[in-house]
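Observations on the model geometry
So the chains spell out like this:
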Amino acid sequence: MHAYFPNRRRILTAAVLLCGLAGVPGFSQAAQPALAQLQAFVDKVESATGRFQQEQISPDGAKRVQAGAFAFQRPGKFRWEVEQPYPQLIVSDGRRVYQYDPDLEQVTERTAGQAIGASPAALLFGSGSLDEAFDLQAQPDRDGLQWLRAVPKTPDAGFTHADIGFSGGLPQRLELLDAFGQTSRILFSGLQANPGIPAARFQFTVPEGTDLVKMN
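Residues numbered from 1 in each chain as written. Predicted model: local features only at pLDDT ≥ 70, side-chain atom pairs only at ≥ 80, totals over all residues. Heavy atoms only, no water.

**What about the sheet that holds strand β10 (residues 170-178)?**
Sheet strands line up and pair through hydrogen bonds in the backbone, either parallel or antiparallel. Spatially, the twelve strands line up as an open sheet ordered β7-β8-β9-β10-β11-β1-β2-β3-β4-β5-β6-β12, and their pairing is mixed. Whereas interior strands pair on both sides, the edge strands pair on one side only; in this sheet they are β7 (134-142) and β12 (211-214). Direction aside, the axes of adjacent strands within the sheet are offset by 20° on average. Relative to strand β9 (residues 159-167), strand β8 (residues 145-152) runs antiparallel, the two being bridged by five bridges. From the neighbouring strand, Arg149 faces β9, where its bridge partner is Asp163. Sheet strands touched by helix α2 (residues 34-44): β2 (63-73), β7, β8, β9 and β10. Its angle to β8, the strand with the most contacts, is close to 75°. (Pairing = 2+ DSSP bridges. Helix = DSSP H or I, 4+ residues; strand = E, 2+ residues; numbered from the N terminus. Axes fitted to C-alpha atoms, helices over the stretch in contact; angles between N-to-C directions. Contact = heavy atoms within 4.5 Å.)

**Points about unusual backbone geometry**
Cis geometry marks the peptide bond from Gln84 to Pro85, where omega comes out at 0°. With respect to the secondary-structure elements, Pro85 resides in the loop between β3 (77-84) and β4 (88-93). For Asp143, which is not glycine, the phi torsion reads 55° and is therefore positive. Relative to the helices and strands, Asp143 resides in the loop between β7 and β8. What makes Asp143 exposed here is its relative accessible area of 56%. Here Asn194, not a glycine, exhibits a phi torsion of approximately 50°, which is positive. Tracing the chain through its elements places Asn194 in the loop between β11 (183-193) and β12. Overall, the relative accessible area of 40% leaves Asn194 in the partly exposed class. (Buried < 20%, exposed > 50% of the residue type's maximum accessible area, 1.4 Å probe, protein only.)

**Re the pattern of salt bridges**
All chains considered together, the criterion is met by eleven salt bridges. One salt bridge in this structure joins Arg185 and Glu55, with 3.4 Å as the shortest N-O distance. With a gap of 130 residues between them, Arg185 in strand β11 and Glu55 in strand β1 (residues 47-57) connect regions that are remote in the sequence. In this structure Glu55 comes out as partly exposed when scored by relative accessible area, which is 23%. Residue Arg173 pairs with Glu175 through a salt bridge whose shortest N-O separation is 2.9 Å. The buried category is assigned to Glu175, whose relative accessible area is 13%. Look at the salt bridges and you will find they share partners, linking Arg142, Asp143, Arg173 and Glu175 into a network. (Salt bridge = Lys/Arg side-chain N within 4 Å of Asp/Glu carboxyl O.)

Take a look at the structure:
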């Protein structure tokens, strides 16, 4: 990571959250409030693939833009691959989460429960009631989207709140404020609902010569 985004844990928190919230086609809830659209997405979409563009803004105003591809499959499997400007890969097989930084020649390994914790991914990748872990609040419409805010009920979730913008039954944008004051804004594109995803997409082998750091 580069100097003005020193905490790699923040990027992992955003990744597991965003894979879980990424919108996909296949159903229509356009006339429903954002909360109903989110619940329908969680109930009906078991897996998805697509692309993302993510803008991160640090508290001092420094900006970083990333782009890449993602895939997820419930419960708990996901792949978040940053392609530009610098490669980075986060993969979960449902049991372990690996964060690989080629530039640093380092892999960080965590248990899935430790990495995801009380984040929305804990529910969005699995099963359960959305309001068990979050206070869900309707927000005013803006930018042609219907919005809701998810506020974690536990203090160690790693983020303050996440705003999700819907249109036509699909999450279109996500704005995340983390516990360090960093804002992440994500746009989704090229999304496919419930595709067949090879199991190998959610497996990771530590490259030869790369340091492995286990965070247990």
